[in-house]
Amino acid sequence: MNSLSKDHIRAIRKLRNEHGFGHNLSQSQMDDLVAQWSPIVSPDEKDWSERFTIVWFDGSETGVYGPRWIFHLFGFSHRASHVGLTTSSGLVVLQKRSLTKADWPGCWDMTVSGHVPVSDDNRSLNYRDGAIKEIGEEIGLLGDDIEEYLTGGLEAIGSPYLFFEMDETRNPPFYNAEIQQLFGGCLTQAGLQKISPDFDELDGIMLVREEIAWSLLTGQHAAAGLRSSLPRFLDWLHQKEV
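Residues numbered from 1 in each chain as written. Predicted model: local features only at pLDDT ≥ 70, side-chain atom pairs only at ≥ 80, totals over all residues. Heavy atoms only, no water.

A. The arrangement of the overall build of the protein in detail. Secondary structure assignment for the protein yields nine helices and nine strands. The C-alpha atoms of the protein give a radius of gyration of 18 Å, which matches the 18 Å a tight globule of 242 residues would have. A separation of at least 24 residues holds for 70% of the contacts in the protein among residues at least 6 apart in sequence. Here the protein holds 21 positive side-chain charges and 35 negative ones, and the gap between their average locations is 6 Å. (Helix = DSSP H or I, 4+ residues; strand = E, 2+ residues; numbered from the N terminus. Rg over C-alpha atoms; globule rule 2.2 N^0.38 Å. Contact = heavy atoms within 4.5 Å. Lys, Arg positive; Asp, Glu negative; His and termini not counted. Charge placed at Lys NZ, Arg CZ, Asp CG, Glu CD.)

B. Here's a closer look at the confidence of the model for the protein. Summing up the model confidence of the protein, the mean pLDDT is 94 and the portion of residues at 70 or higher is 100%. Put simply, helix H6 (residues 146–149) is where the protein has its lowest mean pLDDT, 87, and strand E3 (residues 77–86) is where it has its highest, 98. (pLDDT = per-residue confidence, 0-100.)

C. Just unusual backbone geometry, in detail. Looking along the chain, the bond that leaves Asn171 and enters Pro172 is cis, with omega of 5°. Despite not being glycine, Ser42 has its phi angle at roughly 50°, a positive value. Turning to its location among the elements, Ser42 is positioned in the loop between helix H2 (27–41) and helix H3 (45–49). Of note, the phi angle at Trp104 is positive, near 55°, even though the residue is not glycine. With respect to the helices and strands, Trp104 occurs in the loop between strand E4 (92–97) and strand E5 (108–109).

Next up, the structure:
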């Protein structure tokens, strides 16, 4: 996207203060923001390729939709699904993000994570469908066979929670307000053998003991999503063990 002038950045901050997480935006206001700012920031094809819905802090929809880039330009809250997987021997499965990623390149992250988009007919995926979609896209385990690949299926861990990050050193500035839902599961032997990473999305997969996973959180190469979701996932694993 285009670099912005100081006046434009000040205008973004003013609008962020006015609209907050976007909960009170109407669809016409969203459409006006998209029309006003798209010629200024000139989003590329990828920035237009996904659409999100604004959600409340419990993950329920407000009914207002917009393209991905407008959510990250102003910090409107949207859904994201994170997935933590283990092997049958108790190793934690983590991914290393691709070096070509705009956000946290080359950093360790959850097994799978991604936004929950809206389809062309304005049908919003739920968190579980979003998680299964990302599992298929990032590590090649397709949803039709998910029961074969995961012992006991995919389990929701707790309730949706707010995660917010910002990077005002970027131009345009980056604001990411995700209402995340975490899922957990255990790979079957068939699932472990079937993993096929999409190397446009990630550089590789690492299997580590729980104590090693904890230690990654204090390092320099932990993505923000890992810091947000891994402690919840490891606590869930511990509760299952006791």
